[in-house]
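Given next are the chains, with one letter for each unit.
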Amino acid sequence: MYQDDSNGENTFEIIDKKIDDSVGEKTESISSMSSSASLLPSPSVSVAGVASGGLPATSTILTQINPKPSPISQSVSISPPTQTNIAKKAEAPTPIAVPLQPALNIGSGEPFYPTQFSAAIPPSKGVQHGTVVPEQQPLVGQQDSGGFIGWMKGAVSSGGLLSKVAEKAKNSVDSMITTLDPQMREYIYSGGDLDILVASQQEIKVSAIREAFQSVFGKATISGMSAQATNIAPQPVGFAAGVKAAEERVQAVLRDPKVQQNPAPVVAIENFILEVGEDKWYDLGVLILSDPIKQINLQTFTQMTPVPAAIVTLAQEDTPQEYPLRWSGLEVTIGSLMANNLHVHHSEWHQALTGVSRRELILMAAKTLATLYKNIIGQVN
């Protein structure tokens, strides 16, 4: 590096120095660069002197920099890439990541067995494995076309939960029909294998017996026949007279020629009065069931209804002393006297006096009688 002041300017020229032989291959690259760079004008930095009044010509910015190059500037050189380096980079292959795969001993001569899936739950636990064969659907012509009624019949006959649902639906429909028209009960629940004869034609007695036996047996045919007790007073007094009157009604039905050809169980109902204390009278009824085929005889009693002592005294006064059946009871019935005093029908005086009708009293006792009869014939069969 030297300074030339011939033109009044400070000019600095950078002259390349040869690097020691210890650098090796770097010297060749630097010399090639200097030979190629010599074709271009040498870079120089000229700084014009500052006019008078400013800094002196020798005091420039570059003069403040140490002109001695640092060791770093002597050892580091910036050179453009050469064709040799580009060719070396092009020849170097780029590594490619290849995933490792397990080696198969196909050529070893041993057979290869593919892995099979083993279910954690065995087939015995309800999980199907393997090939599932689709179920065959019935043809359109083979399906039941019975509609709702056909479905009801099939559901009831199949049993299980569906049978219970269908039975409840059927009972709900029947209950609605019988509520709107009570007379339909006789047609809906009639039938079955049970026939019961009632020794009376009074609707209060027949309807109560029908409802009780149909509620217990499901289906039953109940019919009434006219029958009277001829050897007992119209108003029996005491248990013995009441039971005797009911038995006579049963025998009157069984003597009928039609019943003798087709015998069936007979139910008789008879109301009587009972004195349980001094001037304490009650009215109650006895129900007797007689099955001549199975030789079954059952009886039960209704709830007692209090009767005013004055009414009983009046009935005793109206019965003559020479009445031939006075030993069994009275000639005048309590029902007729109570109906006259309460101004109601003789079959409604229980409802007017106590709020419980005679039909309800008979119905409760008849359900007990029907349940007892069902349990007995179940043991016999």
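Before any of the text, the structure's been laid out above.
Quantities reported herein were computed from a predicted structural model and do not represent experimental measurements. (Residues numbered from 1 in each chain as written. Predicted model: local features only at pLDDT ≥ 70, side-chain atom pairs only at ≥ 80, totals over all residues. Heavy atoms only, no water.)

1. Regarding the overall build of the protein
Across its full length, the protein holds 13 helices and eleven strands. In the protein, buried positions account for 28% of the 381 residues. For the protein, restricting intrachain contacts to residue pairs at least 6 apart in sequence, the fraction spanning at least 24 positions comes to 58%. Surface accessibility of the protein: about 26900 Å² in total, with carbon and sulfur atoms responsible for 56%. (Helix = DSSP H or I, 4+ residues; strand = E, 2+ residues; numbered from the N terminus. Buried < 20%, exposed > 50% of the residue type's maximum accessible area, 1.4 Å probe, protein only. Contact = heavy atoms within 4.5 Å. Areas by Shrake-Rupley, 256 points an atom, 1.4 Å probe, with all protein chains shown as cover.)

2. Focus on the pairing of strand β4 (residues 195–198)
Note: β4 against strand β5 (residues 221–224), four bridges, orientation parallel. Paired with L197 across the bridge in β5 is S223. This β-α-β element, β4 to helix α7 (residues 203–217) to β5, shows right-handed connectivity. Direction of pairing for β4 relative to strand β7 (residues 266–277): parallel, over a ladder of two bridges. Bridging across to β7, V198 finds its partner in V267. (Pairing = 2+ DSSP bridges. Right-handed = clockwise from strand over helix to strand, strands pointing away.)

3. Focus on the side chain of S357
Its location among the elements puts S357 in the loop between α12 (349–354) and α13 (358–380). Here S357 is in contact with H350 and Q351, once residues within four sequence places are set aside.

4. Remarks on unusual backbone geometry
A positive phi angle is found at Q295, which is not glycine, with a value near 60°. You can see Q295 is positioned in the loop between β8 (280–291) and β9 (296–301). Phi at H343 takes a positive value of approximately 60°, unusual for a residue other than glycine. Looking at where H343 falls in the secondary structure, it is placed in the loop between α11 (334–342) and α12.

5. Considering the pattern of salt bridges
A complete count under the given rule lists two salt bridges for this structure. In this structure, E211 engages R359 in a salt bridge whose closest nitrogen and oxygen atoms are separated by 2.8 Å. You can see E211 sitting in helix α7 and its partner R359 sitting in helix α13, a full 148 residues away along the chain. Residue classification places R359 among the partly exposed residues on the basis of a relative accessible area of 28%. Ionic pairing is found between R249 and E270, a salt bridge with its closest N-O pair at 2.5 Å. Of this pair, R249 sits in helix α8 (residues 239–254) while E270 is found in strand β7, placing the two residues 21 residues apart along the sequence. (Salt bridge = Lys/Arg side-chain N within 4 Å of Asp/Glu carboxyl O.)

6. A short note on the environment of L361
Summarising the element assignment, L361 is placed in helix α13. With relative accessibility at 8%, the residue L361 sits in the buried group. The residues touching L361, leaving out its near neighbours within four places in the chain, are T302, Q303, T305, H350 and V356.

7. So, the packing of aromatic side chains
One pass over the structure, following the stated rule, counts five aromatic pairs. Taking the centre distance of 6.1 Å and the plane angle of 5° together, the rings of F213 and F217 count as stacked. Separated by four residues within a single helix, F213 and F217 lie in helix α7, roughly one turn from each other. For F217, a relative accessible area of 23% translates into the label partly exposed. Taking the centre distance of 6.2 Å and the plane angle of 55° together, the rings of F217 and Y373 count as tilted. Of this pair, F217 sits in helix α7 while Y373 sits in helix α13, placing them 156 residues apart in sequence. Among the aromatic residues, ring-to-ring pairing joins F213, F217 and Y373 into one connected group. Taking the ring centre of F217 as reference, the NZ or CZ of K374 above it sits at 5.9 Å. (Phe/Tyr/Trp six-rings, centres within 6.5 Å; stacked < 30°, edge-to-face > 60°. Lys NZ or Arg CZ within 6 Å of the ring centre and 35° of its normal.)

8. Section: the packing of helix α10 (residues 309–318) against α11
Axis separation between α10 and α11 bottoms out at 10 Å; the angle between their running directions is 120°. The pairing of α10 with α11 is recorded here as oblique in orientation. Once α10 is placed against α11, the crossing between them reads as right-handed. The residues of α11 that touch α10, namely those facing I311, V312, L314, A315 and D318, are I334, L337, M338 and N341. (Axes fitted to C-alpha atoms, helices over the stretch in contact; angles between N-to-C directions. Parallel < 35°, antiparallel > 145°, perpendicular 65-115°, else oblique. Left-handed = near helix turned anticlockwise from the far one by under 90°.)

9. Considering the environment of S223
Relative to the helices and strands, S223 resides in strand β5. Residue classification places S223 among the partly exposed positions, given a relative accessible area of 32%. The spatial distance from the C-alpha of S223 to the C-alpha of L197 is 5.2 Å, given a sequence separation of 26 residues. In contact with S223, other than residues within four places in its own chain, are I196, L197 and V198.

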